[in-house]
Amino acid sequence: MLLAILIAAGLAPGALTAWQAYREHGGWHRAALTGLGVTAGLVLLVLGSLILFPPLATAAAAISAILALAAYGDGRIWTGSTWTCVMAVCLWCAGVTV
């Protein structure tokens, strides 16, 4: 459930921007490109923040590891695997080599 909320929070700004662009300017092509740009920019902003501030990335990796273990313990393999990928990206942003 938490993963769905995080995904919705990541996609909501792009979706709302695309809807606003569609309503004001018309045309799905322009709206789709606008929404995609906002969504990609948000992802790059988050990754940039994690790269520039390694303690934040380390804390996010630790939280992701705990959530992955909890998901694996509950038998939710796909959710646990997703949290493991998030942990790997956070560790990469922190500069940890495995």
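One numbering rule holds for all chains: residues counted from 1, following each sequence as written. Restriction of local features to residues with pLDDT of at least 70 applies here, the model being predicted, together with a cutoff of 80 or more for giving and counting side-chain atom pairs; totals for whole chains, interfaces and linings are based on all residues. Side-chain calculation: all heavy atoms of the structure are included, whereas hydrogens and water are not.

**Considering the pattern of salt bridges**
Each salt bridge in this description consists of a side-chain nitrogen of Lys or Arg and a carboxyl oxygen of Asp or Glu lying within 4 Å of one another. Across all of its chains, the model carries one salt bridge by this definition. Close ionic contact of R76 with D74 constitutes a salt bridge, the shortest N to O distance being 3.2 Å. Residue burial is assigned from relative accessible area. The probe radius is 1.4 Å, only protein chains are included, and a residue is buried under 20% of its type maximum, exposed over 50%, and partly exposed in between. Relative accessible area serves as the criterion here: at 36%, R76 is assigned to the partly exposed category. A relative accessible area of 56% means that D74 is categorised as exposed.

**What to know about a nonpolar patch on the surface**
Among the surface-exposed residues, I51, L52, V89 and W92 lie close enough to one another that they form a single nonpolar patch of about 460 Å² accessible area. A run of DSSP states H or I qualifies as a helix once it reaches four residues; a run of E qualifies as a strand once it reaches two. Both are numbered from the N-terminal end. Sorting the residues of the nonpolar patch by element identifies α2 (28-52) and α4 (77-94) as the ones contributing at least two each. The topology assignment puts L52 in helix α2. Exposure above 30% relative accessible area and the absence of a salt bridge qualify a residue for a patch, where like charges join within 9 Å and nonpolar side chains (Val, Leu, Ile, Met, Phe, Trp, Tyr) within 5 Å. Areas reported as accessible are Shrake-Rupley estimates using a 1.4 Å probe. Residue values count occlusion only from the protein chains shown.

**Some points on α4**
Helix span, as expected, comes to 1.5 Å for every residue beyond the first. The first and last C-alpha atoms of α4 sit 26 Å apart over 18 residues, in line with the 26 Å expected at 1.5 Å per residue. Buried within α4 we find G80, W83, C90, C93 and A94. Along α4, the residues classed as buried sweep out an arc of 135 degrees about the axis, all on the same side. Set apart from the buried face of α4 by more than 90 degrees, the exposed residues are I77, W78 and W92. Once α4 ends, the next one or two residues include G95, with phi positive near 90 degrees. Think of the arc as the fan of directions from the helix axis to the C-beta atoms.

**Looking at the environment of A32**
Here A32 is to be found in helix α2. Through-space distance from the C-alpha of A32 to that of A15 is 8.6 Å; in sequence the pair is 17 residues apart.

**Some thoughts on the environment of T39**
Structurally, T39 is set in helix α2. Taking C-alpha positions, T39 is 6.8 Å from P13, a pair spaced 26 residues apart along the chain. Residue contacts are counted whenever heavy atoms from the two residues lie within 4.5 Å of one another. Apart from the residues lying within four places of it in its own chain, the contact partners of T39 are G10, L11 and G14.

**Focus: the side chain of S64**
Of note, S64 is situated in helix α3 (residues 54-73). Contacts of S64, omitting those with residues within four sequence positions, involve W83, V86 and M87.

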